[in-house]
Structure formats: C-alpha cells, structure tokens
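Given next are the chains, with one letter for each unit.
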Amino acid sequence: MINLTPRLLKTAELITPCKKLADIGTDHAYIPVYALQNDLAETVVASDINEGPLNNAAKTVKQYGFEDRVVLRLSDGLENIEETEADAVVIAGMGGELIAKIIGDAPWLKNNKQIIMQPMTHFEDLRAFLCDNGYKITKETVVREGKRLYLALSAEYTEEEVDFGEWYFYVGNLIYSNNPDEIEFCNKIVSRLEKKYTALINSGYDANKIGKILEEIKYEQAKRNI
Ligand SMILES: C[S@@+](CC[C@H](N)C(=O)[O-])C[C@H]1O[C@@H](n2cnc3c(N)ncnc32)[C@H](O)[C@@H]1O
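Quick caveat: nothing in here was measured; it's all calculated off a predicted structure.

Once that is clear, we can look at the pairing of strand S1 (residues 20-24). Judged by how many residues are buried, S1 sits mostly within the fold: four of five residues are covered. Pairing between S1 and strand S2 (residues 43-48): five bridges, direction parallel. Along S2, the bridge assignment pairs Leu21 with Val44. Of the pairings in the sheet, the one linking S1 to strand S4 (residues 88-94) comprises four bridges and is parallel in character. Note on S4: the bridge partner recorded for Ala22 is Val89.

As structure tokens, this is what we get:
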C-alpha cells in the first residue's frame, strides 16, 4: 500500500467514494494510487500541465500496477478533461488563486461534482471565489506536516446563497474548531492581519477594512469558547 505524507493523506481523506476521480497537478500520482487502493475511486485521470510530473506519475502508476485504471493527461487545469470523466476533482499543492482560476475555467464543476482542494497560499482568495460563485465549503481541515500547517477543504456547487462577512474568507469555519492545529492555523492568520493592520496605521494608510475584519474574526472566535 502507498504511504502518503500527512498533507496528502488529509486531502485524500476528503474524497467521498466515487466512480471517476481527476487529480489536477498530480505530479507523482500519489493521490490517484491511494484513491484506487482505498476504493475511493474506480478510475482516475491524473493530469498535469508539465511533461516531467506526468513522467513521475507514470512511474508511480506502473509501480503499483494501475496502468489499466489511470489515464495520464497533459492539461492546463481542467481544459483537456471532459465533464463525463470526473465525479470528483482534486486540486492540491498549488496557490489558492491558481486553484480558483482552474475551478472558474471549468463551469461544469457546478454539475454535482465534489471539489477537493489543498491550497498552499491565498486561502482568502480561494474562499472568496468559492462563496462568490455559489460553491459551498462542505469541509475544512488543517494538518501538520513537519513544521508547517496545511489547509485542505472540499466544496460543491449549491443554489444556496449565503452572505458571509469578509472575515469568513480568511478563517472559514475553522474559527469555531477546538482542534489545536486548527486554532494555531487561525491564530497565525489573525497575527498576519494584525501585522498588516499596524503597518497600514504606521504608514498613514486607511486600515479600517482590516480593522473591521479583525474585529469580526475575534467576535466569531469568542463563540468557539462558549
Ligand atoms: C507542488 S506540485 C503538487 C503535486 C501534488 N498535487 C501535491 O499536492 O503534492 C504542483 C503541480 O501542479 C502542476 N501544475 C501547475 N499549474 C498547473 C495547471 N494550471 N494545470 C495543471 N497542473 C498544474 C505542476 O506542474 C506540478 O506538478
């Protein structure tokens, strides 16, 4: 059985078992192999924008004997992947802005697809994109790997319109979590915002917007302790 690192394992664990999975930016195809071994999917399209990572993927797929269940595909985001090829899509190990762009460029993801994301940066841009485009975040989780904490989340399109305050884009539902890693993750985001707030004040810029976001986050955070 393949051994995933904690970041990839936490991401893969967000997949609800499905028939067809697509892993975008697959590199070594670790998630596809894990998904097949653990009955999370019957077939996988493992895609990447670059040849090198696809060659890595081919080696892993061969090593675990899944050549008949994994299709390797050169593709920028979901450009070369058909709607009928995926019930669930994983996009992991990229910046939040790029993940948002990949999702935005594939409107068919609105048709009852699971989207599993593991952004490395710009979490607020990704959450804002999802909320502004009718995607509901269904799960969020944080995992520690080495010295770093990683965010993984899943979403699906829903007709539901929910008007969160801007604070939500920064911390999401993690703000209510009592899990120590999730608390630490939120605290880091708060302290980054506080630094930005102080820097704006010190250089005479308008800091009202960030000040309001900070206030709202602290208000929501207080609910966690009730
Ligand atoms: C840091 S690796 C992440 C690999 C794996 N998903 C993970 O989480 O460990 C990022 C991968 O995304 C690929 N990539 C970057 N931009 C992409 C795009 N627009 N479409 C598809 N793949 C992309 C890169 O070639 C690279 O293999």
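Now that the structure is up, let's keep going.
As a further point, take the pattern of salt bridges. Enumeration according to the criterion identifies eleven salt bridges in this entry. Among the salt bridges present, the one from Glu160 reaches Lys136, with a minimum N-O distance of 3.9 Å. Of this pair, Glu160 sits in the loop between strand S7 (148-157) and helix H6 (167-171) while Lys136 sits in strand S6 (residues 135-145), placing them 24 residues apart in sequence. One connected set of salt bridges, linked through shared partners, spans Arg144, Asp181, Glu184 and Lys188.

What follows covers the domain arrangement of the protein. Taken domain by domain, the protein consists of domain 1 (6-161) and domain 2 (180-224). Taking the mean C-alpha position of each, domain 1 and domain 2 sit 30 Å from one another. Listed by partner, the interface residues are seven residues for domain 1 and seven residues for domain 2. Of all residues in domain 1, Val142, Arg144 and Leu149 bury the most surface against domain 2, accounting for 67% of the area lost on that side. Along the contact surface separating domain 1 from domain 2 lie two salt bridges. In this structure, Glu184 engages Arg144 in a salt bridge whose closest nitrogen and oxygen atoms are separated by 2.7 Å. Seen at the junction of domain 1 and domain 2, the total is four residue pairs in polar contact (both at pLDDT 80 or more).

For helix H7 (residues 180-202), with 23 residues, the first-to-last C-alpha span of 32 Å sits near the 33 Å given by 1.5 Å per residue. Where H7 is concerned, the buried positions are Glu182, Phe185, Cys186, Ile189, Val190 and Leu193. The secondary structure elements touched by the buried residues of H7 are helix H5 (123-132), S6, S7, H6 and helix H8 (208-224). The N-cap residue of H7 is Asn179: its side-chain oxygen and the backbone nitrogen of Asp181 are 2.8 Å apart. Immediately downstream of H7, the backbone of Gly204 shows phi near 75°, a positive value.

Rules and cut-offs
- Residues numbered from 1 in each chain as written.
- Predicted model: local features only at pLDDT ≥ 70, side-chain atom pairs only at ≥ 80, totals over all residues.
- Heavy atoms only, no water.
- Buried < 20%, exposed > 50% of the residue type's maximum accessible area, 1.4 Å probe, protein only.
- Helix = DSSP H or I, 4+ residues; strand = E, 2+ residues; numbered from the N terminus.
- Pairing = 2+ DSSP bridges.
- Salt bridge = Lys/Arg side-chain N within 4 Å of Asp/Glu carboxyl O.
- Domains from an automatic or database assignment.
- Contact = heavy atoms within 4.5 Å.
- Buried area = accessible area lost by both parts, 1.4 Å probe.
- Polar contact = N/O pair within 3.5 Å; in protein donor to acceptor, adjacent residues only side chain to side chain.
- Expected span 1.5 Å × (residues − 1).

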